[in-house]
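Given next are the chains, with one letter for each unit.
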Amino acid sequence: MSDPTRTSQSTRHATDPAAAAARTPAAAVAPTIRRPLAAAFRAALTVAALTGLVLATLGDPAPAHLLTRFTVQANLALALVSAGSAHRAWTGRRPVSPRLTGALLCFLALPALVHYALPAADTTAFTLPGTGTPTAAQALSRLLLHGLTPLAAIADWLLLTAPRGFRLPCAWQWPAYPLLYLAFALAFPATAGAPPPTVTTALTLALAVCLLPLITIGIDQVRPSPRLHKNRISPTGISPLK
């Protein structure tokens, strides 16, 4: 026979909201934290990348060849990832993996470094094509894709994400694609739509490809949490940034 007292207690616990809440995992009742500031910034970053890409096609007589350019590929990836990241921030979903965002950060920084600091490599397939005086569309496209989007991606990383999300294995994972692309540009310069880099330039590019992830990971390990979001980092390490 069943125990009436035990049956009564079981019924009471089943209908008691407090008891039900106590048995519910904390993760299941965690509030959805939307991050409208991050969403707006990443949406603007998406628009900037797409605008630069459209202007690049308008100012190029063979726009299809632009897809072989490293900076175009990096900014296309940025537009897609930023759009998805903006949606996640707006709806309060889990952020995009730092492994992906860190790789994009390095991919964007490389053409900017080549364009502004390595003039000997500026004619390689890592940057946008162009000879002579650029048109207004070409000049604005270079400003957006070589200057604005890399700086905005760095600002997103430093101001809108929690630190120490990058891991040491990324130091050898992130250079894989740029190094393969460099080998492709050396082996098939006609397909890449740019003259092959000299040995010195190729070695310089390879060194930059390998150093950028190490520098990025090192900075990420020592940088403080963004002031705007201090003491608002979740226990899981996912930053509820707004």
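Numbering of residues begins from 1 in every chain and follows the order in which that chain's sequence is written. A pLDDT threshold of at least 70 governs which residues receive local features in this predicted model, and a stricter bar of 80 or more applies before side-chain atom pairs are shown or counted, although totals over entire chains, interfaces and linings include all residues. Hydrogen atoms and water are omitted, and side-chain values are computed over all heavy atoms in the structure.

Asker: Teacher, can you tell me more about helix α5 (residues 70-91) here?
Answerer: An α-helical turn contains 3.6 residues, so any two residues separated by three or four positions project in the same direction. The helix count covers DSSP runs of H or I at least four residues long, the strand count covers runs of E at least two residues long, and both are numbered beginning at the N terminus. Multiply 1.5 Å by the residue count of a helix minus one, and that product is the helix's expected span. Taking 1.5 Å per residue as the helical rise, α5 with its 22 residues ought to reach 32 Å, and the 32 Å between its terminal C-alpha atoms agrees with that figure. Where α5 is buried, its residues meet α4 (36-58), α6 (98-117), α7 (136-160) and α9 (176-187). Note on α5: the residue one or two positions beyond its end, G92, has a positive phi of about 80 degrees. What makes two residues a contact is simply this: any of their non-hydrogen atoms within 4.5 Å.

Asker: Would you take a moment to explain unusual backbone geometry for this structure?
Answerer: Residues other than glycine seldom take positive phi values, yet R164 does so here, at roughly 60 degrees. When you line up the elements, R164 lands in the loop between α7 and α8 (170-173). Buried means the residue's accessible area, taken with a 1.4 Å probe over protein chains only, is under 20% of the maximum for its type, while exposed means over 50%, and partly exposed covers the values in between. A relative accessible area of 37% places R164 in the partly exposed class.

Asker: What is the right way to read the side chain of R42 from this model?
Answerer: Mapping R42 onto the fold places it in helix α4. We define a polar contact as two N or O atoms separated by no more than 3.5 Å, with the added condition that, inside protein, one atom must be a possible hydrogen donor and the other a possible acceptor, whereas residues neighbouring each other in sequence contribute only through side-chain atom pairs. Within the structure, R42 has its side chain in polar contact with the side chain of D156 (distance 2.9 Å). With near-sequence residues (within four places) excluded, R42 lies in contact with S82, S85, A86, A89, D156, L160 and T161.

Asker: What exactly am I supposed to notice about the packing of aromatic side chains here?
Answerer: Aromatic ring pairs: the centre-centre distance and the angle between the two ring planes describe each pair. Geometry of aromatic contacts follows a simple scheme: Phe, Tyr and Trp rings, the Trp one being its six-membered ring, pair when their centres are within 6.5 Å, and the pair is stacked under 30 degrees between planes, edge-to-face over 60, tilted otherwise. On inspection of all chains with the given rule, the structure shows eleven aromatic pairs. Here W157 and F166 contribute two aromatic rings whose centre-to-centre distance is 6.0 Å and whose plane-to-plane angle is 25 degrees, an arrangement assigned as stacked. Of the two residues examined, W157 and F166, each falls in the buried class. With 5.2 Å between their ring centres and 85 degrees between their planes, F166 and W174 make a pair best called edge-to-face. Taken together, the aromatic side chains of F70, F107, F126, Y177, Y181, F184 and F188 make up a single cluster linked through ring pairs. A ring has a charge above it when a Lys NZ or an Arg CZ is no more than 6 Å from the ring centre and no more than 35 degrees off the ring normal. Above the plane of the ring of W90 lies R34, whose end atom (NZ or CZ) is 4.1 Å from the centre.

Asker: Explanation requested: the packing of α6 against α7 in the structure shown.
Answerer: Any two packed helices are characterised by how steeply their axes cross, that is the angle between the axes, and by the distance between the axes. Where α6 meets α7, the closest approach of the two axes is 9 Å, and the angle between their N-to-C directions is 135 degrees. Accordingly, the angle class assigned to the pair α6 and α7 is oblique. As α6 packs across α7, the resulting crossing turns out to be left-handed. Residues L105, L108, P111, A112, H115 and Y116 of α6 form the contact with α7, whose own contacting residues are R142, H146, G147, T149, P150, A153, I154 and W157. Under the scheme applied here, ten amino acids are nonpolar (Ala, Val, Leu, Ile, Met, Phe, Trp, Tyr, Cys and Pro), four are charged (Asp, Glu, Lys and Arg), and all others, including Gly, are polar. Class assignment of the residues belonging to the contact of α6 with α7 gives a composition of nine nonpolar, four polar and one charged. Where helices are involved, their axes are fitted lines through C-alpha atoms of the stretch in contact, as for all axes, and angles between N-to-C directions lie from 0 to 180°. Roughly parallel means an angle under 35 degrees; roughly antiparallel, over 145; roughly perpendicular, 65 to 115; everything else is oblique. Should the near helix be turned counterclockwise from the far one by less than a right angle, the crossing is left-handed, whereas a clockwise turn marks it as right-handed.

Asker: Got a minute to help me understand the pattern of salt bridges in this structure?
Answerer: Oppositely charged side chains are able to pair whenever their charged atoms sit close together. Criterion for a salt bridge: a side-chain nitrogen of Lys or Arg within 4 Å of a carboxyl oxygen of Asp or Glu. Counting across every chain of the model gives two salt bridges. D156 is paired through a salt bridge with R42; the nearest N and O atoms lie 2.9 Å apart. Residue D156 is located in helix α7, and its partner R42 is located in helix α4; the two are separated by 114 residues in the primary sequence. Exposure remark for R42: the relative accessible area of 7% places this residue in the buried category. One salt bridge connects R223 with D220, and the closest N-O pair in it is separated by 2.9 Å. Overall, D220 belongs to the buried group, its relative accessible area being 1%.

Read these as layout, nothing more, since geometry by itself doesn't imply function.
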